[in-house]
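Chain by chain, the residues:
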Amino acid sequence: MAESWQRTVECGALREAHVGTSVTVNGWAQSVRDHGGVLFIDLRDRSGLVQIVVDPGRDVTPAEVHTLAESVKDEFCLSVTGRVARRPDGLQNPKLASGAVEIEASTLTILNPSKTLPFLIEDDVTVNEETRLKYRYLDLRRPSMLRKMRLRHELVRAVREYFWREGFYEIETPILTKSSPEGARDYLVPFRLSPGLFYALPQAPQQFKQLLMVGGIEKYFQIAKCFRDESQRADRQPEFTQIDLEMAFATQDDVLNVVEKMIIEVVEKFTEETGKVVFQKPFPRFSYDEAISRFGTDKPDIRFGLELIDCANVFKETQFAVFQNALGSGGQIKAIRYPGGASAPRSQMDELVKVSREHGAGGLAYVLVEATPGEMRGTIAKFLSDEERVALTEATGAQPGDLVGFVADKPEVVAKALDGLRRFLGRKLNLIDNSQLAYCWVIDFPVFEKDDETGGLTFAHNPFAMPQPGDLDKFDTDPLGMRAQCYDLVCNGIEFASGAVRIHLPEIQVKVFEKMGLSPEQIQERFGHMLEAFRFGAPPHAGMAPGLDRLVMVLTDEENIREVMAFPKLGGGRDPMMEAPSVVEAKQIEELGLAILPKPEKEAAL
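Residues numbered from 1 in each chain as written. Predicted model: local features only at pLDDT ≥ 70, side-chain atom pairs only at ≥ 80, totals over all residues. Heavy atoms only, no water.

## Comments concerning the environment of A500
Our working definition: Per the convention used, a helix needs a DSSP run of H or I reaching at least four residues, while a strand needs a run of E reaching at least two, with both numbered from the N terminus. The contact rule is simple, with two residues in contact once any of their heavy atoms fall within 4.5 Å.
Secondary-structure assignment places A500 in strand β23 (residues 494–501). Distance from A500 to G543, taken between C-alpha atoms, is 5.9 Å for residues 43 residues apart in sequence. Every residue in contact with A500, bar those within four places of it in the chain, is listed here: A465, Q485, C486, Y487, A542 and G543.

Right under this line is the structure:
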């Protein structure tokens with residue numbers, strides 16, 4: 001038996017074609033207006049709004065319905081049955097899809113009243129974020145949040161349909177697993193049946209998807225939930241979602257082509273709704289070394305120029321001591337051109353220096369290019385010879401009225417400082433078109449890098465990444481010179497996905513672990529199951545994992561990942577709605593064989 005309030009049509013679906021029919025709609029009272037005894041209720045569900053008219057002067061509306069409607073307040077949950085009528089001329093609302101019609105109420109049921117709201121359910125109301133997340137179920141009712149949740153749903157469906165068409169199997173991997181190589185970032189789960197043993201929540205399904213390739217699945221994907229216990233940033237959460245995939249008998253190009261095709265298809269599918277377009281197709285590819293050289297980062301924003309310029313040849317005979325010392329100690333001198341910067345006030349010059357220092361440089365030297373050829377002024381102009389001025393103009397392409405800024409230091413300092421300055425100038429000069437999604441590939445990452453804490457080697461990108469074939473003989477002679485078959489997908493200066501051709505030969509995987517300083521016992525304890533699997537005919541395989549949350553972020557112009565997740569955590573990993581994390585009963589702690597120890601004073605104060 002149907003309930004009296006059972007919906008027959010959604011609020012936002014009503015059109016002139018419904019005029020004269022009887023319908024039942026359900027939703028929340030967006031607003032209630034009293035116009036001389038005639039009540040107007042804007043009823044909202046996830047599809048949109050429709051206007052309800054409660055007029056005791058109309059033949060369809062009983063007096064008791066009007067009396068009940070007078071008690072309705074904002075966000076009461078209602079069911080209304082009535083006749084669809086055309087709105088009078090001049091009173092139609094072109095901003096609403098249902099704005100040509102209204103419902104003349106014949107029955108009204110209050111399904112649930114609402115207490116006074118902590119904030120209005122409107123998009124243009126400023127609300128403290130902690131309050132929003134404490135009452136997230138109310139925040140989700142706002143039209144903008146509903147649009148983002150619907151877009152996320154549609155995007156997931158589009159991704160699934162794409163991989164199904166490409167022949168991938170969707171397979172779920174375990175949430176309770178073993179601690180990863182980056183164990184300090186794992187969330188641990190005590191194993192009740194054997195105190196002292198722990199599961200870990202996966203930072204990624206990395207090992208399982210590789211084992212699926214050994215298992216003959218060949219093409220796997222998953223909308224995977226991942227967990228990482230690390231400091232919160234605008235684009236990170238302790239739990240997040242990625243589009244995880246792996247392919248057997250696949251090269252780097254195979255993976256890049258599959259992912260690139262997927263991204264373009266998904267972005268263009270939603271262009272009409274989001275206004276976003278792909279900046280360049282096919283996506284440009286930069287080696288890691290090229291990206292650092294040209295942009296100062298392995299996450300370049302390629303929507304604008306202002307690339308870094310190596311000035312080592314310009315100043316190879318320099319008499320300027322700062323530049324001499326940099327080049328003499330194996331450092332670099334690089335420049336960035338600020339078009340029109342010579343006319344900027346002194347306060348802006350100081351701002352450029354400040355930005356450079358904030359990104360690690362000792363300061364910023366600069367020259368201002370005058371209209372007269374060869375004429376320059378600025379902090380280091382007096383140190384430049386005529387030959388250096390000519391060479392500098394040619395190297396940088398500087399025009400009269402431009403500013404050329406320099407950083408001279410260790411390569412990593414130069415890269416970081418000029419990357420920060422480049423991004424600052426891109427925003428300041430309005431060079432960035434936010435409708436453009438500028439994807440690019442960064443490939444050929446180092447296999448190893450120095451561990452600042454231990455002084456030894458650690459993996460630079462992924463411990464499971466296959467070295468380039470020509471570098472396999474460098475393990476003992478030049479490990480820092482080895483390059484891996486690794487690749488990142490970058491969008492608008494943000495890392496969007498990471499992946500690699502995996503090591504499928506156990507002897508190579510063992511060498512990588514040994515170079516990282518792991519003992520044979522540690523290798524066996526942590527990775528014995530994988531090495532064993534690789535000895536049973538493991539195929540060559542490769543994969544990656546684009547971030548779903550970040551994809552929704554760029555499509556909706558959101559700068560914070562919390563805005564595109566239904567139930568995110570605040571900074572520090574707190575959930576004010578569920579009041580988590582929370583204290584648990586002493587009995588539970590005892591049953592798990594655990595003890596709670598006080599933090600050291602220094603750590604507790606953080």
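Still more ground to cover, so stick around.
## Details of the sheet that holds strand β2 (residues 38–45)
Sheet strands line up and pair through hydrogen bonds in the backbone, either parallel or antiparallel. Selection rule: Any two strands between which DSSP finds at least two bridges are classified as paired. To obtain an axis, a line is fitted to C-alpha atoms, over the contacting stretch when the element is a helix, and the angle between two such axes runs from 0 to 180 degrees between their N-to-C directions.
With mixed pairing, five strands are arranged side by side around a closed barrel as β1-β2-β3-β5-β4. Each strand of the sheet is rotated relative to its neighbour by a mean of 55 degrees, with strand direction disregarded.

## Quick look at the sheet that holds strand β6 (residues 169–170)
Sheet architecture is open: eight strands sit in the order β6-β9-β10-β24-β23-β22-β19-β12, paired in mixed fashion. Pairing within the sheet leaves two strands with one partner each, and these edge strands are β6 and β12 (285–287). Pairing of β12 with strand β19 (residues 439–443) involves three bridges; the strand directions are parallel. Its bridge partner lying in β19, F286 is registered against V442. Helix α4 (residues 143–165) contacts β6, β9 (219–227) and β10 (239–248) of the sheet and is inclined by roughly 150 degrees relative to β9. Lying over the sheet, helix α5 (residues 206–214) contacts β9, β10 and β24 (541–544), oriented at roughly 25 degrees with respect to β10.

## Regarding the side chain of E246
Put simply, the rule reads: Any pair of nitrogen or oxygen atoms within 3.5 Å is treated as a polar contact; in protein, a donor-acceptor pairing is required on top of that, and neighbouring residues in sequence qualify only through side-chain atoms on both sides.
Relative to the helices and strands, E246 is located in strand β10. Of note is the side chain of E246, whose polar atom sits 2.8 Å from the side chain of R502.

## Digging into the nonpolar core
Cut-off, in case you're wondering: For the purposes of this section, nonpolar cores are sets of buried Ala, Val, Leu, Ile, Met, Phe, Trp, Tyr and Cys residues that join through side-chain atoms within 4.5 Å. Buried means the residue's accessible area, taken with a 1.4 Å probe over protein chains only, is under 20% of the maximum for its type, while exposed means over 50%, and partly exposed covers the values in between.
Core analysis: the largest hydrophobic core is formed by 80 residues, its most contacted members being L155, F163, I263, Y439, L489 and M544. When residues in this core are grouped by element, the largest group, nine residues, is from helix α6 (residues 252–269). Dropping the residues within four chain positions of it, L489 is found in contact with V259, I263, F283, Y439, C440, W441, I494, E495, F496, A497 and M544. If you look at the next biggest cluster of nonpolar residues, it comprises 24 residues, including L43, V65, V80 and V84.

## A word on the packing of helix α13 (residues 506–515) against helix α14 (residues 520–534)
Quick note on the threshold: Relative orientations are named as follows: roughly parallel for angles under 35 degrees, roughly antiparallel for angles over 145 degrees, roughly perpendicular for angles from 65 to 115 degrees, and oblique for any other angle. Each crossing gets its handedness from the near helix: less than a right angle anticlockwise from the far helix is left-handed, clockwise is right-handed. Classes in brief: Ala, Val, Leu, Ile, Met, Phe, Trp, Tyr, Cys and Pro nonpolar; Asp, Glu, Lys and Arg charged; the others, Gly included, polar.
Between α13 and α14, the shortest axis-to-axis distance is 10 Å and the interhelical angle comes to 160 degrees. As far as their axial angle goes, α14 and α13 are roughly antiparallel. Crossing of α13 over α14 shows right-handed handedness. Two secondary-structure elements touch here, α13 through P506, Q509, V510, F513 and E514 and α14 through I523, F527, L531 and F534. Classifying every residue of the contact of α13 with α14 gives seven nonpolar, one polar and one charged.

## With respect to empty space enclosed by the protein
Empty space left among the atoms is revealed by rolling a probe the size of a water molecule over them. As a reminder of what qualifies: Note on definitions: the grid is 1 Å and covers protein atoms alone; a cavity is a set of points where a 1.4 Å probe fits but cannot get out; a pocket is an open set with protein on both sides within 12 Å along at least five of seven lines; lining residues have an atom within 4 Å of a point. Grid points are joined across faces, edges and corners, and a volume is the space filled by probe spheres set on the points.
For the structure shown, the criterion picks out two cavities of 30 Å³ or more. Put simply, the largest cavity is a space of about 50 Å³. Lining the largest cavity are D235, C491, I494, E495, F496, R550, M553 and V554. Of all the secondary structure elements, the ones that give two or more residues to the lining of the largest cavity are β23 and α15 (548–556). Here the lining of the largest cavity is composed, by residue class, of five nonpolar, no polar and three charged. In this model, the second largest cavity occupies a volume close to 30 Å³. L133, R136, F567, P568, D575 and M577 are the residues that line the second largest cavity. Of the residues belonging to the lining of the second largest cavity, the class tally is four nonpolar, no polar and two charged.

## Observations concerning α4
In plain terms, the rule: Take the residue count of a helix, subtract one, and multiply by 1.5 Å to get its expected span.
Compared with the 33 Å implied by 1.5 Å per residue over 23 residues, the 33 Å span of α4 between its first and last C-alpha is a close match. Count one or two residues on from α4 and you reach G167, which has phi positive near 90 degrees.

## Considering the pairing of β19
Of all five residues in β19, five are buried, a share of seventy percent or more. Relative to strand β22 (residues 486–491), β19 runs antiparallel, the two sharing five bridges. Of the residues in β22, the one forming a bridge with W441 is L489.

## Thoughts on the packing of aromatic side chains
Note the threshold: Stacked, tilted and edge-to-face are the three classes applied to pairs of Phe, Tyr and Trp rings, where Trp contributes its six-membered ring and a pair requires centres within 6.5 Å; stacked means planes under 30 degrees apart, edge-to-face means over 60, and tilted covers the rest. Definition used: whenever NZ (Lys) or CZ (Arg) falls within 6 Å of the ring centre and also within 35 degrees of the ring normal, the charge is taken to sit over that ring.
Applying the stated criterion to the full structure yields 19 aromatic pairs. Centre to centre, the rings of F464 and F513 are 6.4 Å apart; their planes meet at 90 degrees, and the pair counts as edge-to-face. Residue F464 is found in the loop between β21 (457–459) and β22, and its partner F513 is found in helix α13; the two are separated by 49 residues along the sequence. Each member of the pair, F464 as well as F513, carries the same accessibility label: buried. Here a set of aromatic residues connected by ring pairs shows up, and it is made of F315, F320, F323, F383 and F406. Positioned above the aromatic ring of Y135 is the side chain of K134, whose terminal nitrogen or guanidinium carbon lies 5.9 Å from the ring centre. Positioned over the ring face of F304 is R422, at 4.1 Å from the centre of the ring.

## Quick word on the layout of surface pockets
When its volume is computed, the second largest pocket comes out at roughly 920 Å³. Lining of the second largest pocket is provided by 26 residues; of these, Y187, L188, D229, P581 and S582 occupy positions nearest its centre. With four residues, the top contributor of residues to the lining of the second largest pocket is strand β7 (residues 187–190). Along the lines of polarity and charge, the residues of the lining of the second largest pocket split into 14 nonpolar, seven polar and five charged.

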